Structure formats: C-alpha cells, structure tokens
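# Structural description and commentary
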Amino acid sequence: MTPSSGGAGSAKSAPAKAMSHRRGMNDRYAPVWMHLVAVVVIVVFLAPFAWLAIASVTSPSDLLRRPLRWWPQHLDLSRWADIFTGDANTPAGGFRSAMVNSAIVAAGTVTLSVAVAVLGAYAVSRLKFRGRGITVLGFLSTYMIPPIAIVIPLYLILVRIGLLDNRLGLILVYSSFITPFVLWTLTNFFDALPREIDEAATIDGAGRMRILWQVLLPLAKPGLFSAILFATMLCWDEFLYALIFTSTPASKTIPVAVAEFSGKFATDFGLLSAGGLLAAIPPVVVALVFQRYVTAGLAAGGVKG
Amino acid sequence: MTDSTAPTTQSRAGAPASANPSHGPAGPRKASYPKRFRHTYGSSRRSGGLAALLLLPAAVVVFGLVTYPVLRTVWLSFNRVLSPMPTAPVQMVGFQNFINAFTDSDLIAATGHTIYFTLVSTAAEIVFGVLLGQLMAQKLRFRWLLRAAILMPWALPTVVSASMWRYLLNADYGPINALLTQLGIIGSYRSWLGTPTSAMNMIIIADVWKNTSIAAFFVLAGLAVIPNELREAASVDGAGAVRRFFSITLPLLRPVIMVVLVLRTIEAFKVFDIVYVMTRGGPSNGTQTVAVYAYQTAFSNQNFGYGSAIALLIVVVVLLLAVAYIRMLSTGGTSDGGR
Amino acid sequence: MSEFVSQLNRRRFLLGAAGFGAAGLLAACSSGGTGTGTTGSSGAGASSTGGSSSGGSDLSGSITGLFMKQAGYSEDHINQMAASFMKLHPNVKVNSEFVAYEALHDKIVAAAPAGTYDLVFIDVIWPAEFATKGLIADITGRIPANWKTDVLQGALDSALYQGKFYGLPWLLDAKFFYYNKNLLTKAGVDPASVTSWDGVATAAKAVKDKAGVKYPLVWSWAQAEAVICDWALMTASFGGKLFDEKGQPAFTDGGAVQALEFMRKSIVDGITNPSSTQSLEDDVVKVFSAGDAAMGLNWSYMFAAANDPKQSTVAGQAVVTEVPTGGAGRISVNGSSALSITATSKNQDVAWEFAKYVSSLDVQTQYISDALPIWKSAYDDPAVIKTAPEFVPVAKKQFNDMTNRPQVVAYNAVSQKLQVAVQKALLGSVSPQQAMNDVKPEVEKLLAQ
C-alpha cells in the first residue's frame, strides 16, 4: 500500500465518515406537511403520464369523445401490439430499432464526451495557462450555435466520411456540442473542490493524473453524474440533427420515430402516448440507478424543515 | 494520512465564511480560491504545455467536426446565397445581412417573444428547481418515487412532450378542457392556444413542466456538496428555516444555480422544437421565436446568408448572457471575478 | 410502330409484374386486387407507359428515392413497386427512404449538395423554388407527348414551372367538401343547398340551432400552409385571384378579400369553430369524426378516415362533394405531388424509368386502394369506380376544376407572410381589407428578391 493510494482511499471514505457523523442528528423523517407537499408534486408531475398510459389503450374514436371518459370502455392494446410486434417498416414497428439506436447513440456520446471532458476540465480547473476563460467560452460557444445554422455543411461532411444515416455519425455530431457542456460543468465542480486536496495528495507523491482519477473524480461524483445525466438527456432529446441525418431504421432515433407518429394527415395520440411512455423509461431507470451517486455526499434529511 | 482530506473539507466549510454567511461562502469557493492559489500553489510553474495536451482530445472532438460548418456559417452571413448548391451564385453583401436583421420587424418581434419566453421559463424553472431540489433532499418515506416523478418529464423527448401538450390543450377534445369543465372550474372548452399571449404562456408551462427537473437535480447535486456543518451550525444558533435558506443554503447553491441559469438560458434562447410542434409560431406569429425564425429563413425560404447572420446573432447574444451570468454569480459581490 | 411493339412487350412484362404484386395486394385490400386484372386490359388504349423507346434490360445502376409517409402510396406498396421494377430490370437497384411530409422539404434541401437522392417526392408548391435553385432537373425532353393529353392538368401542374417539366406527376389530390348527412337531416337542411358558400352559412346556422352542434364548421386555419389552401380555393370560388398574370399581388381586392371576409364572418357569427385557427388537416378529421362539426374542407384522405369506425364516431355519415361555389364555380385547390429527379443524380435514366413506372396507369390502377390515378381514362374505368363509388365520380369532376397556388420562387416566404396576415384577420385584430393592404408591400418585397 503506497502512501498515495492511502490518500485516495481517504478521499473516498471522508464523505462516508462525515455522513455517519451526521446521521445521529438527521435520523428522523421529514415532517408530515412536507410529505404532503411531496405527494402533490408527484401527482402534478405524473398526471400527464397517467393520461398517456390511459390514452395508449383507448381507441382513437373514444379519445375524441365529449364529455371525455377517463377510463376506456374496452381496452385497445393495438398500439402496444404494433410497437412490439409490428413490421419494422411501419412507424410503430420502427420504434423498436429507434430505442436501440437512441440507447447506443446516447451511451456512445456520453462515454466519448465525458472521457475527453474530464481531462479538459482538469486542465482548466487546475492548471495555470494563458486564456483559460477564453478557452472555456470558446468551447461553450459551440454549444450555443443553433443546429439549423450548421446542419447543411455538417451533412456534407458526414457524406464525405461515409457516416450519414449512421449511429457513429450521430455520436460524433452530438459529442461536438455535448462535450463543451460536460467540460464546463465539470470545471465548475472541480473548482468547488479545495486545492488543499491536490496539495495533500501531491505531498503524498501522487502524479496529476492519479490525483484526477483517484481523488478529484470520486469527490466530484455528484457533479459528474449530474453532467452524465444531463448529457444523456440532451442526446435522448435531440431532434433536428437526427431528423436530417438519419433516414432508415439503421439509425433513426426515438424523437424522429415518434415524430412520424404525428403529421398533418394523421396523428394517433394513443400511439404517441405508448411511444412516449416507452421512451421515458430508460432514462428514468438510468437516473434512479445513478441517483445514489448524485446524492452520495448528501446527508439524509440534509435540509431540515 | 486518512485524515488529511477530511479536515480540509471542514476547514473550507467552516472557514472565515461562517462569520459572514450572507455572501462569504460563495466568494471563496468560486472566485477567491483560484485567485489565492494562483499565488501559493499555481504559481509554482506554468503548465501551458500540459494543459494543451489535456485539452487536445476535447478540442478534437468539439472542433474536428464543426469548425468548417461554423466558418462556413460566418462566411455565409456576409453573402447573399439563395441555394444550398455549391454552384449557386454568391453575392458578397458585407454587413448587409446584419443591418437587415436590426430593421427586420419580424425578427424584432421574434426577439421579444424569445426574451419573454427565456425570462419567464428560466425564472420559473430556477425557483421550482430550488424548491424541488430541497424537497428531494429531505428524508421522505417514498423519496425514490418523488425523484422518479420529477425525472419523468425530463426523460420524455421534447418532440413527444410538445405533441402531448398540444393534444392536452386542444380546444375541441383536449383532456385539460375536459378535466376543468368536469370539475366546474371553467364553464366551457377554451382555446388555450388560440391567442398569441395565451399560446405563449402555454408553451412556457409545457417547457417548465419538462425542464424544472434539470434545475431540481442540479440543485440536489449542489446540496450534496454543501457541508452540512454550516447549516447545522446555523440551526443551533436558532436561525429560522426561511432565514437559514436565504442566508446560507441559497448562497452556497450559487455555483449550481449559475450552471442551471446559463444552461437554461442558452437552451431557452435557442428554443425551437417545443414551439415548432405546439404552434409552429402561430397564431399570427405570436409565438415565433428567433430560432424558429432562423429556421424558416434558412431552410424553408433557403435564404442561407440571412439565416446564418441571424444564427450568429443568437450565438452572440447567448454568449454575452452567459458571460454576464458567470461574472455576476461568480463574483458574488466580493471579488472582481478576474477569470 | 416499333415504339408500339416495345410498348406491348413492356405491357406484358408489366402484367406479369402486376400479377406478382397483386398477390400481396389481395391480402391488404380486396377491392384493389380484383380491379387489377380487368384494368390491365381495358386501360390498354391509354398507352401510359409509352414514350422512351429504350428497352428496359440495358438499364443499370442504383438509385435512392425519398418518399412521403402517411399519405398516398404506402411504404409497403412503394417497396413492392420497387421490387417489381427491379424484376423487370435485373441490373437496377432501387432504395427507398420515407419521411413525414413535415420533414420532406428540409430533407431535400439538406441532401441536395451531397446528392444523396436521385428521386424526390415534391409538393405542388415547390417546383418553382427547387427548379430555380438548381435542386431538381428539367426533364421536359423526356415527357412523352401523350402525357400532356392523357394526364389530368392538375397533376401536370405539380411538376410544371414556366412551361417546363421538373418532375413526373404522381399523386393527384384536392380539397373536397365533406358534410355529415345525419346532422344535416336532423337540422332539416337539404344537401343540395350546400353547393354554395352562402348555402353553407345558412345550413350551418340551421345545424347550430336545430341539431345542437355548437360550431357546425371546422377548418384547418392554423398558421401553416393549410390556411392558404382553404383561402386560395375560396378566393377562386369567389372569382378572385391571389396573384395576377404577371405574378403581382391581386389579393387586396375582389374575391380574395371577399373570401377572407366570409371566413372571418363565419367565426363572428359563431358557426365556425374558433379553434380552427389552431387546427391542421388532422384536427379537422378529428373534430368532424367526433361529430362536433357538420361540415368541413379537407383532402381526399378524410373520406376514408371519417368513415372508418375505428377512428370515427360518425362512420358512414360522412358524404363527400365538390367544393361549394362563391359564384365563380366549384373550384378546389390543387394538392398534387410529383416525383422529381435531382440535379445531382448520377443515374437520371434509372430514376426516370422508375418514376415513369410508378406513375404508369397500370401500377396506379394496381394500387388504387392507396391513391387515385393521374390518368384521365382511369376515372371512367368501372373497376376504378368500383373501389369507391361515392368518391371517384366526385373526384373526377373536382380534379378538373382546381386552382393553383402561386408559382413563385420565394413561395414559402410569401406563404408565411400571407398566413400571418390571414390569421390576423381571422382573429379580428385587423379587418380583412386592412390585413391584405398591410401585407402587400411585404409580399412585393419578397417577390422582388
């Protein structure tokens, strides 16, 4: 056991230790009124989803009734059947491959962006060099460009490098505007970590990269996972690039597939609902898995009422 | 050894800040630290070479693909180009596109709508985000459900949520009309998207419903790094919950709020999908935003030069806003924010 | 003569292919399937596939086509057409991609410099724009002479700009007038009275009072191309013009203003659903299908949709007729579409042959369940009429009486300006006359560009 690894271990155990410290004081649940507020919040946020669920099993003609019935007379499971068993060429059947495409594009983009942004953020936060502020703004400015402005030249580039209508192509495009965001967010979170930590680890003999990976990143976990979560959502949500750059089930993503459920000629709200519900599930699962990291440093009942 | 970092955290937390909690804690964390350490730690050596090396991968990923498109956009903005074809005639017009932008009544109106949308939606998202972030941090019996519920809208792609709201608000068969009528809140079905003002407010509601989640989760993460000792100390002093929130928690959340504010402002100023799906800029252009206008100009009308100029103006405005926020929030009134 | 022989050869090929494709079609739609055989022989005189004397077998290359989802020929059927075509031409490969109408224009524009597509589906309002900007090829020289006489003018117009062909007509469509016969009967309205706009207004008042329908009329008057379609056809039926022969604005007086005044008045009088100003075509179908409207304008697809018991509560009650007259005739608006060969296509010959194949009378008759043919002769074919006896005769008359929206290069920009102006008048923020006067200089500025 080298001294430096001990230092890293200490970094990990510190929050945990602090947490156990605090626990004595914050064991109790929040007061009842706060639970009531939480119930109201849950209802407000979930009500539209409840209706999506109901609408997805209500026949199109029942959805138009006035007064609206809040429960379908008979269950119409055709949309779900279409999505799960429909031919891949139909809009509903194409949704399956869209889910896979979206997941791959999001995972690829987030991995690439976070990997390069962590290094960059460390440099901006911890190294002294000329033009740091400008560097960050320079990166961030690409995140500010409306996609519409650059979509045509980008299209040409993708054709030239053979990545049009291709998931890797989308990953590269998305990474170009998600990396600045991750880099900037991580810089902020690194900045919030006191430099005494680095100093202590340096004294222990750890190199810069070791400090970054074993000390700073674990401490910045909440920020890191917030950034990952947000980056995932940006990928999941992106519409215009995907609309223009993808055209077959090989790479069409969820927003594009869902957009095809509705058009000026026909919108089946039930199908849109079923697709929307399915689309919302993966990010929520990912988020719930990650949430314990996001809130790792948070003492139970952190802010007392 | 094991203790080497823990006290550090505490010493930072309990530092001189607690003497003047109203603005102190934010100051040292955001601005003073880098400054201070530039003398002690950072001044030991310049590390431009290493910094360049570490920033290189990010630079390749970010600028590798978009440099040419961005340069082309800049070039286009000084020209009159009415076709995407490489063989199309190009006419150099200098700053004419930009001059036109400042006298284009449609663009000016769209800017007004965008500013209104950005101000109201971002403000609402920050306020609700801070409140919900606090709520999520509580020890609640069904906290996972609360967190999942708050996340759900965010997980719904904008295209879907915008279509959903367009349907929910429909004047003829929308469930919101049905609900409000059946509850006796409104007498008859209303045309929520029927007038410019009402339509814009409905778009804002849809946007806030979806994007408050981001703010709330960033606040939750921000709370995670706030040392509890601070709040506990204040609580022992007998500070009321509200005062504690405003004097301690909120200032400590400043960096996080800044992140959210900048991100949401950028996104809000570029708002496109939700408007395009819900109203397509109508009725009578009442919900037209600058991004929708840039889209119509560049794509539908194939006026690429002018569309590029508008897009660049959007970038400039957003960049100025971002810099202003960063300065405002990072200085916290104590330092000159010399980053 | 030799041309005739080669046509015969092709026809035999086509019949074989048609029989092959019909197997799949039979499962999907029995009426279309049964029509196939008879039409093949009865339509022989149309010589629809004639023209180019190039024998098919020497054709080789690969093309990619961009088609529209949701309306017209279905994805499956277009793939079947491509498969049959490739059977005829073994050295040819046809790839098909499909996007929703909303994405079509932008996709064509974005892909144009890269030359991704060889064949693109275009709306009737785009030839001027795409031709002028060099996106699509002039194929006037390829169009067989008989097309100009055998194809309905409305379909030809979808590919024409300044007398030149920039595509092959493919889909024919127009807005029709639909009414709910039960509601009209309930209100004691004689269906014969809804043949004029005044009659429609009177009938709407009766339906409102006697049949308990709050807003008897619903329209697609959202800020979109849809509102221009309705306004353009009403303008024509009131004897007006949006633009004169020189392409200059003519909407500040006459029929255009009358039409707009009629539209606004119907809202003020409470006979038009005020939500019309946010409605697209699909909303019209939905409101009508829910029984919340008695009358409305829409494209041909509404006939099937409103009479489909799965989607509609008024199935069997929707009647389709020609558009009512405002005094100048029962004139509709042209909503046709064409297939254009892109200027960058490296296989223009293949693209041309494929487009010609899918727009031929035989193929169009074979897939009659999806869309009505562009060929005049089809409308007298009993097999075609049999597919939709209530609809085809109406379509035959209406397709001969359509107005075109202005063919100007900056059409989208002009249309956006007009949409806003029309909406201002509809919402009552300015008078119809004022709205038109205000927008005229802006439109003139766009036209001058």
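Residues numbered from 1 in each chain as written. Chains lettered and ligands numbered in written order. Predicted model: local features only at pLDDT ≥ 70, side-chain atom pairs only at ≥ 80, totals over all residues. Heavy atoms only, no water.

### A word on the overall build of chain A
This is how the line gets drawn: Only runs of H or I of at least four residues qualify as helices and only runs of E of at least two qualify as strands under DSSP, and these elements are numbered from the N terminus. Partly exposed residues are those whose accessible area sits between 20% and 50% of the maximum for their type, while under 20% is buried and over 50% is exposed, using a 1.4 Å probe and protein chains only. We call two residues in contact whenever any of their non-hydrogen atoms come within 4.5 Å of each other. Where accessible areas are quoted, they stem from the Shrake-Rupley method and a 1.4 Å probe; at the residue level, only the protein chains shown are allowed to cover.
A tally of regular secondary structure across chain A gives 14 helices and 0 strands. Residues classed as buried in chain A amount to 63% of the 305 residues present. When contacts within chain A are restricted to residue pairs at least 6 apart in sequence, long-range pairs at least 24 apart make up 72% of them. For chain A, the exposed area adds up to about 10,800 Å²; of that, 68% sits on carbon and sulfur atoms.

### Structural notes on the overall build of chain B
Looking only at helices and strands, chain B features 15 helices and 2 strands. Going through the 339 residues of chain B one by one, you find that 59% of them count as buried. Pairs at least 24 residues apart make up 66% of the contacts formed inside chain B by residues separated by at least 6 positions. As displayed, chain B offers around 12,700 Å² of accessible surface, 67% of which is attributable to carbon and sulfur atoms.

### Some thoughts on the nonpolar core
Selection criterion: Among buried residues, those of type Ala, Val, Leu, Ile, Met, Phe, Trp, Tyr and Cys that are joined through side-chain atoms within 4.5 Å constitute a nonpolar core.
Core analysis: the largest hydrophobic core is formed by 361 residues, its most contacted members being Tyr174(A), Phe245(A), Trp197(C), Trp231(C), Phe251(C), Met295(C) and Phe399(C). Setting aside chain neighbours within four positions, we find Phe251(C) in contact with Trp231(C), Lys241(C), Leu242(C), Phe243(C), Ala256(C), Val257(C), Leu418(C), Met436(C), Val439(C), Lys440(C) and Val443(C).

### Description of the sheet that holds strand S12 (residues 337-341) of chain C
All names here are of chain C. Our working definition: The criterion for strand pairing is that DSSP finds at least two bridges linking the strands in question. Only C-alpha atoms enter the line fits that serve as axes; for helices the fit covers just the stretch in contact. Angles between N-to-C directions range over 0 to 180 degrees.
Read from one edge of the open sheet, 5 strands run S2-S1-S3-S12-S6, paired in mixed fashion. Two strands in the sheet have a free side with no partner beyond their single neighbour: strand S2 (92-99) and strand S6 (168-171). For this sheet the average axis-to-axis angle between neighbouring strands, irrespective of direction, equals 30°. Pairing of strand S1 (residues 61-68) with strand S3 (residues 119-123), which is carried by 2 bridges, proceeds in the parallel orientation. The residue of S3 that forms the bridge with Gly-65 is Leu-119. Lying over the sheet, helix H4 (residues 101-111) contacts S1, S2 and S3, oriented at roughly 135° with respect to S1.

### Digging into the packing of aromatic side chains
Residues and elements named next belong to chain C. Cut-off, in case you're wondering: Ring geometry is summarised as follows: Phe, Tyr and Trp rings, the Trp one being its six-membered ring, pair when their centres sit within 6.5 Å, and such pairs are stacked at plane angles under 30 degrees, edge-to-face over 60 and tilted between the two.
Under the definition given, this model contains 44 aromatic pairs over all chains. Taken together, a centroid distance of 5.1 Å and an interplanar angle of 65° make the contact between Phe-85 and Phe-354 edge-to-face. With Phe-85 in helix H3 (residues 75-88) and Phe-354 in helix H14 (residues 348-358), this residue pair connects regions lying 269 residues apart in the sequence. For the pair Phe-85 and Phe-354, one class covers both residues: buried. For the pair Phe-121 and Trp-170, a centre-to-centre distance of 6.0 Å together with 75° between the ring planes defines the contact as edge-to-face. With Phe-121 in strand S3 and Trp-170 in strand S6, this pair connects stretches of sequence that are 49 residues apart. On the accessibility criterion, Phe-121 (3% relative accessible area) is buried.

### Overview of H3(C)
So the rule is basically this: Under the convention used throughout, the expected extent of a helix is 1.5 Å for every residue step, that is, one less than its residue count.
For H3(C), which comprises 14 residues, the first-to-last C-alpha distance of 20 Å matches the rise-based estimate of 20 Å (1.5 Å per residue) to within 8%. All of the buried residues in H3(C) are Glu75(C), His77(C), Ile78(C), Met81(C), Ala82(C), Ser84(C), Phe85(C) and Leu88(C).

### Description of the environment of Val159(B)
With respect to the helices, strands and loops of the structure, Val159(B) is situated in helix H7 (residues 158-168). Val159(B) gets classed as buried once you look at its relative accessible area, which sits at 3%. Here Val159(B) is in contact with Phe239(A), Pro255(A), Ala259(A) and Val277(B), once residues within four sequence places are set aside.

### Details of the sheet that holds strand S10 (residues 318-321) of chain C
Residue and element names in this part refer to chain C. Reading across from one edge, S8-S9-S7-S10 is the order of the 4 strands in this open sheet, with mixed pairing throughout. In this open sheet, the two edge strands, each paired with only one partner strand, are strand S8 (217-218) and S10. Sheet topology places S8 next to strand S9 (residues 295-298); 2 bridges connect them, and they run parallel. If you follow Val-218 over to S9, its bridge partner there is Gly-296.

### Overview of the interface of chain B and chain C
Operational definition: Using a 1.4 Å probe, buried area is obtained as the accessible area two parts lose upon being combined, added over both of them. The rule for a salt bridge is simple: a side-chain nitrogen of Lys or Arg has to be within 4 Å of a carboxyl oxygen of Asp or Glu. The term polar contact refers here to a pair of N or O atoms within 3.5 Å; inside protein, the definition further demands a hydrogen-donor-capable atom paired with an acceptor-capable atom, and it admits residues adjacent in sequence only when both atoms are side-chain atoms.
Chain B puts 31 residues into the contact, and the matching count from chain C is 34 residues. Each partner contributes to the roughly 2,600 Å² buried at the junction of chain B and chain C, and carbon and sulfur atoms together form 48% of this total. Taken as a group, Met85(B), Asp172(B) and Ser284(B) account for 21% of the area that chain B buries against chain C, more than any other trio of residues on that side. Seen at the junction of chain B and chain C, the total is 2 salt bridges. Ionic pairing is found between Asp283(C) and Arg166(B), a salt bridge with its closest N-O pair at 3.3 Å. Our count for the chain B to chain C interface comes out at 18 residue pairs in polar contact (both at pLDDT 80 or more). Take the side of chain B that touches chain C: its biggest share by element is 4 residues, from helix H14 (residues 290-300) of chain B.

### A word on the packing of helix H5 (residues 94-126) of chain A against helix H10 (residues 208-219) of chain A
How two helices pack is summed up by the angle between their axes together with the distance between the axes. Residues and elements named next belong to chain A. Formally: Orientation is classified from the angle alone, with under 35 degrees giving roughly parallel, over 145 giving roughly antiparallel, 65 to 115 giving roughly perpendicular, and any other angle giving oblique. Each residue is assigned to one class: nonpolar for Ala, Val, Leu, Ile, Met, Phe, Trp, Tyr, Cys and Pro, charged for Asp, Glu, Lys and Arg, and polar for all the others, Gly among them.
Closest axis-to-axis distance for the H5/H10 pair is 11 Å, and the angle between their directions is 100°. The orientation of H5 relative to H10 falls into the category roughly perpendicular. Contacts from Val-118, Leu-119, Tyr-122 and Arg-126 of H5 reach H10 at Arg-208, Met-209, Leu-212, Trp-213, Leu-216 and Leu-217. Taken together, the residues of the contact of H5 with H10 break down into 8 nonpolar, no polar and 2 charged.

### A word on helix H12 (residues 281-289) of chain C
For H12(C), a buried count of 9 out of 9 residues is recorded, marking the element as mostly surrounded by other parts of the structure. Looking one or two residues past H12(C), Gly291(C) carries a phi angle of roughly 80°, positive in sign.

### What about a nonpolar patch on the surface?
Heads up, the rule is: Residues forming no salt bridge and having over 30% relative accessible area are the ones grouped into patches, like charges within 9 Å of each other and nonpolar side chains (Val, Leu, Ile, Met, Phe, Trp, Tyr) within 5 Å.
Nonpolar side chains collect at one region of the surface, where Trp70(A), Leu179(B), Leu183(B) and Ile185(B) lie side by side and expose about 400 Å² of accessible area between them. Relative to the assigned elements, Leu179(B) resides in helix H8 (residues 175-182).

### Things to note about the pattern of salt bridges
All names here are of chain B. Going through the model one piece at a time under the given rule, you end up with 21 salt bridges over all chains. Put simply, Arg-264 and Asp-207 hold a salt bridge, and the shortest N to O gap is 3.3 Å. Taken together, the residues span a long stretch of sequence, with Arg-264 in helix H12 (residues 254-269) and Asp-207 in helix H9 (residues 196-225) at a distance of 57 residues. For Arg-264, a relative accessible area of 5% corresponds to the buried category.

### Looking at the pairing of S2(C)
Residue and element names in this part refer to chain C. Inclusion rule: Orient the strands so they point away from the viewer, and a crossover whose first-strand-to-second-strand path over the helix runs clockwise is right-handed.
Of all 8 residues that make up S2, 6 are buried, and the element is covered over most of its length. In the sheet, S1 pairs with S2 via 8 bridges, with the strands oriented parallel. Paired with Gly-61 across the two strands is Val-92, which belongs to S2. In the classification by handedness, the crossover that spans S1, the intervening H3 and the parallel S2 is right-handed.

### Brief notes about the packing of helix H8 (residues 167-192) of chain A against H12(B)
Basically, it comes down to this: Here is the rule for handedness: rotate from the far helix to the near one, and if that takes an anticlockwise turn smaller than a right angle the crossing is left-handed, while a clockwise turn gives right-handed.
Where H8(A) meets H12(B), the closest approach of the two axes is 10 Å, and the angle between their N-to-C directions is 160°. Of the possible angle classes, the one that applies to H8(A) and H12(B) is roughly antiparallel. Along this stretch, H8(A) crosses H12(B), giving a crossing that reads as right-handed. Contact with H8(A), carried on its side by Phe181(A), Trp184(A), Thr185(A) and Asn188(A), involves Met258(B), Val259(B), Val262(B) and Leu263(B) of H12(B) and no other residues of that element.

### A short note on unusual backbone geometry
When glycine is set aside, most residues are seen to have a negative phi, and most peptide bonds are trans. Residues Gly282(B) and Pro283(B) are joined by a peptide bond in cis, for which omega reads -5°. Its place among the elements puts Pro283(B) in the loop between helix H13 (273-278) and H14. With a phi angle near 55°, Asp165(A) is a residue other than glycine that sits in the positive phi range. Secondary-structure assignment places Asp165(A) in the loop between helix H7 (147-160) and H8. Notably, Ser284(B) is not glycine yet its phi reads approximately 40°, a positive angle. Looking at where Ser284(B) falls in the secondary structure, it is placed in the loop between H13 and H14. Accessibility expressed as a relative area gives 12% for Ser284(B), which makes it buried.

### What to know about the confidence of the model for chain A
Residues and elements named next belong to chain A. Put simply, the test is: Values of pLDDT, the confidence the predictor places in each residue, fall between 0 and 100.
Confidence in the prediction for chain A averages 82 pLDDT; 86% of positions are at 70 or higher. Ranking the helices and strands of chain A by mean pLDDT puts H5 first, with 94, and helix H1 (residues 3-23) last, with 39. Every residue in residues 1-25 is under pLDDT 50, and counting partners more than four places away or in other chains gives 35 contacts. Counting interchain partners and residues more than four positions distant, the pLDDT-below-50 stretch residues 296-305 has 32 contacts.

### Thoughts on empty space enclosed by the protein
Applicable threshold: Think of a 1 Å grid over the protein atoms and nothing else: a 1.4 Å probe that fits but is trapped marks a cavity, an open set flanked by protein within 12 Å on at least five of seven lines marks a pocket, and residues with an atom within 4 Å of a point count as lining. Grid points are joined across faces, edges and corners, and a volume is the space filled by probe spheres set on the points.
Evaluated as defined, the whole model comprises 11 cavities of 30 Å³ or more. The calculated volume of the largest cavity comes to roughly 830 Å³. Forming the walls of the largest cavity are 50 residues, and the residues nearest its centre are Ser262(A), Arg166(B), Tyr276(B), Val277(B) and Leu280(C). Listing elements by their share of the lining of the largest cavity, those giving two or more residues are helix H12 (240-245), helix H13 (254-259) and helix H14 (269-294) of chain A, H7 and H13 of chain B together with H4 and H12 of chain C.

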